[in-house]
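Listed below, chain by chain, are the residues.
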Amino acid sequence: MNVLTISQLNSLIKRTLEREYLLKNLYVTGTIINAKRYSSGHVYFSLKDEESSIDVTMWSNTVLAKGLVNEIQNGLLVTIKASVNFYNKMGRLNLVASDMQIGNKSPLQLEFDALQKELSALGYFDETHKQMIPVLSSCIGIVTSPSGAVLHDILHVSKQRNPLMKFKLFSVPVQGPDAGPIIAKGIAEADRDSDIDVIIVGRGGGSMEDLWCFNDRAVVEAIYTANTPIISAVGHETDYTLADYAADMRGATPSHAAEMAVIPLTTLQEDLQKKEEYIHYVMNQVLQQKRSELSTIFNRKLGIPALQMIHKQKSALENIKNTLQHKSSTLIQHKKHVLSLIAKELDMQNPLHIMMKGYSKVESHNHPISSVLDVHVGDELTITVSDGNISAQATGIYHKPNDINSHS
């Protein structure tokens, strides 16, 4: 089994196409759509018939040489001379045009241009009339056929982004000469439903004839007069209808329309977290500011006066302390002096002090002897002097003459 890489496959396709002579000089006819002219002078557009389309490039030197600078317009039926080009790096095939013969616009294109001009003059496509698509919707109204891939694509993308989203289907035909008014009624019915936050109107791709019901005046008027925001998703990216111009927003595909209408649940959660963090930040900033303001007010109204009062009271207490210390010191000195005098007086009265001068104390049987009458011959005596005691015995008693007389 020969397995090719993408590069090998694309190179093989390119070589095969280059070997085919018929693909080098082609004449192709179709209607121009999605024409774009860039500052480089190159023109890019697509040629479309009833069933298919192909991308075309015309380089600036060809545009100038053929006098087509202002001639290439959407809706023109043209025949081009071209060769097939395959860009193998991206795997894309297109035509490179070397000449162009411009014919007339198709009848449908002429009708489209006339109605677009008329409705544009009435303001149906004005940007000032368009509404913003709600950031957070809870219910989406879908105006389309229940059997097409459009409904499946919208539901699939929406459920992936937010499984909580609700939907209401307004079943309408999306092709045929009678489809326009029915689509308009479906839009009006969805607009009257109070549960619906946004409406998606759409169908899959097709030829201009297939999509023609979305150019119906009734559809355009229904979109224009609706109070509910509307997203159009008609055809493919290169297909434009008048419904696209009238809608508040255009989705390149039904899936793209669903992406516009449904914000991912994860994005909502992240946004909520960011808002919560921001609220906490703002609250902290406000609290910090209020604390600063309160501190300033406190210092101005309470703090400084309180400090001044405390300082004043502290100074008064210091004065009282000094006064008390001075008075107590004086009182203590006076008391010390008095105690000194008393001590001296007591010292003078101290028997030991007298003894130091040569006096002594005599006791008999632990009783002081103050008279000879207190002693009998033979009594044991204790004589106390300044440096000790002396034991003695009374051997004789002698009375002073006055004492003898006083006792006789």
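Just so we're clear, the structure is a prediction, and the values are computed from it rather than from any experiment.

A. Representation of the overall build of the protein in the model. Looking only at helices and strands, the protein has eleven helices and 14 strands in total. Since a compact globule built from 408 residues should have a radius of gyration of about 22 Å, the 61 Å found for the protein marks it as more spread out than a globular shape. Oriented by its inertia axes, the alpha-carbon framework of the protein measures out at about 185 × 60 × 45 Å. Counting the 408 residues in the protein, one finds 30% classified as buried. Sequence separation of at least 24 residues holds for 61% of the intrachain contacts in the protein that already meet a minimum separation of 6. When the accessible area of the protein is evaluated, it comes to approximately 26,700 Å², of which 56% is carbon and sulfur surface. Between the averaged position of the 39 positive side-chain charges in the protein and that of its 43 negative side-chain charges there is a distance of 8 Å.

B. Looking closely at the packing of helix α4 (residues 149-161) against helix α8 (residues 254-261). Between α4 and α8, the least distance of the axes is 8 Å, while the angle of their chain directions is 35°. In the crossing of α4 with α8, the sense of the turn from one axis to the other is right-handed. Contact with α4, carried on its side by Val150, Asp153, Ile154, Val157, Ser158 and Arg161, involves Pro254, Ser255, Ala258 and Glu259 of α8 and no other residues of that element. Per-class residue counts for the contact of α4 with α8 are five nonpolar, two polar and three charged.

C. Molecular detail of the sheet that holds strand β12 (residues 367-368). Judged by pairing direction, the sheet is antiparallel, and its four strands sit side by side in the order β12-β11-β13-β14 without closing on themselves. In this open sheet, the two strands that pair with only one neighbour each are β12 and β14 (388-393). In this sheet, β14 lies alongside strand β13 (residues 380-385) in antiparallel orientation, the contact comprising six bridges. Bridging across to β14, Thr384 finds its partner in Asn389.

D. Representation of the confidence of the model for the protein. Residue-level pLDDT values for the protein average 86, and 95% of them are 70 or greater. Note that residues 404-408 has pLDDT below 50 and, in this model, two contacts with residues that lie over four places away or in other chains.

E. Region of the structure containing the packing of aromatic side chains. Taken as a whole, this structure holds four aromatic pairs when the rule is applied. Measuring from centroid to centroid gives 4.5 Å for Tyr124 and Tyr224, while their planes differ by 10°, and the two rings are stacked. Note that Tyr124 is positioned in the loop between α3 (107-121) and β6 (139-144) and Tyr224 in helix α6 (residues 217-225), a separation of 100 residues in sequence. Ring geometry for Phe125 versus Tyr245: centroids 5.8 Å apart, planes at 50°, classification tilted.

F. Here's a closer look at a negative patch on the surface. On the surface, a cluster of negative charge is contributed by Asp49, Glu50, Glu51 and Glu209. Tracing the chain through its elements places Asp49 in the loop between β2 (43-48) and β3 (53-58). On the basis of relative accessibility, which here comes to 45%, the residue Asp49 falls in the partly exposed class.

G. Inspection of the sheet that holds strand β4 (residues 76-87) at higher detail. In space, the five strands of this closed barrel follow the order β1-β2-β3-β5-β4, with mixed pairing throughout. The mean angle between the axes of side-by-side strands here comes to 55°, regardless of whether they run parallel or antiparallel. In this sheet, β3 lies alongside β2 in antiparallel orientation, the contact comprising six bridges. Bridging from a neighbouring strand, Leu47 pairs with Ile54 of β3. Packed on one face of the sheet, helix α1 (residues 6-19) meets β4 and β5 (92-105) and runs near 125° to β4.

H. Main features of unusual backbone geometry. The phi torsion at Asn34 lies on the positive side, around 55°, for a residue other than glycine. Asn34 gets classed as partly exposed once you look at its relative accessible area, which sits at 30%. With a phi angle near 65°, Asn366 is a residue other than glycine that sits in the positive phi range. Here Asn366 is to be found in the loop between β11 (361-364) and β12. Residue class for Asn366 comes out exposed when judged on its relative accessible area of 69%.

I. Spatial organisation of helix α5 (residues 179-192). The end-to-end C-alpha separation of α5 is 20 Å, in line with the 20 Å expected for 14 residues at 1.5 Å each. All buried positions along α5 are accounted for by Ala179, Gly180, Ile183, Ala184, Gly186, Ile187, Ala190 and Asp191. When α5 is viewed along its axis, its buried side chains cluster within an angular range of 160° and face the same direction. Across α5 from its buried face, at more than 90 degrees, point the exposed residues Lys185 and Arg192. Buried residues belonging to α5 abut β6, β7 (166-171), β8 (198-203), α6 and β9 (230-234).

J. Structural context of the side chain of Thr62. Along the chain, the position of Thr62 falls in helix α2 (residues 60-65). The residues touching Thr62, leaving out its near neighbours within four places in the chain, are Ala97, Ser98 and Asp99.

K. Region of interest: the pattern of salt bridges. For the structure shown, the criterion picks out eight salt bridges. The partner of Asp195 in a salt bridge is Lys168, with the nearest N and O atoms 2.9 Å apart. Linking Asp195 in the loop between α5 and β8 with Lys168 in strand β7, this pair joins segments that are 27 residues apart in sequence. Note that Lys290 is salt-bridged to Glu293, the shortest N-O span being 3.5 Å. A residue pair is termed a helical-turn pair when its members lie 3 or 4 positions apart in one helix, as Lys290 and Glu293 do in helix α9 (residues 265-349) at three residues. By relative accessible area, Lys290 is classed as partly exposed at 46%. Judged by its relative accessible area of 34%, Glu293 is partly exposed. Salt bridges here are not isolated pairs; linked through shared partners, they connect Lys168, Asp193 and Asp195.

Cut-offs applied
- Residues numbered from 1 in each chain as written.
- Predicted model: local features only at pLDDT ≥ 70, side-chain atom pairs only at ≥ 80, totals over all residues.
- Heavy atoms only, no water.
- Helix = DSSP H or I, 4+ residues; strand = E, 2+ residues; numbered from the N terminus.
- Rg over C-alpha atoms; globule rule 2.2 N^0.38 Å.
- Buried < 20%, exposed > 50% of the residue type's maximum accessible area, 1.4 Å probe, protein only.
- Contact = heavy atoms within 4.5 Å.
- Areas by Shrake-Rupley, 256 points an atom, 1.4 Å probe, with all protein chains shown as cover.
- Lys, Arg positive; Asp, Glu negative; His and termini not counted.
- Charge placed at Lys NZ, Arg CZ, Asp CG, Glu CD.
- Axes fitted to C-alpha atoms, helices over the stretch in contact; angles between N-to-C directions.
- Left-handed = near helix turned anticlockwise from the far one by under 90°.
- Nonpolar A, V, L, I, M, F, W, Y, C, P; charged D, E, K, R; others polar.
- Pairing = 2+ DSSP bridges.
- pLDDT = per-residue confidence, 0-100.
- Phe/Tyr/Trp six-rings, centres within 6.5 Å; stacked < 30°, edge-to-face > 60°.
- Patch = residues over 30% accessible without salt bridge, like charges linked within 9 Å, V, L, I, M, F, W, Y side chains within 5 Å.
- Salt bridge = Lys/Arg side-chain N within 4 Å of Asp/Glu carboxyl O.
- Expected span 1.5 Å × (residues − 1).
- Arc of directions from axis to C-beta.

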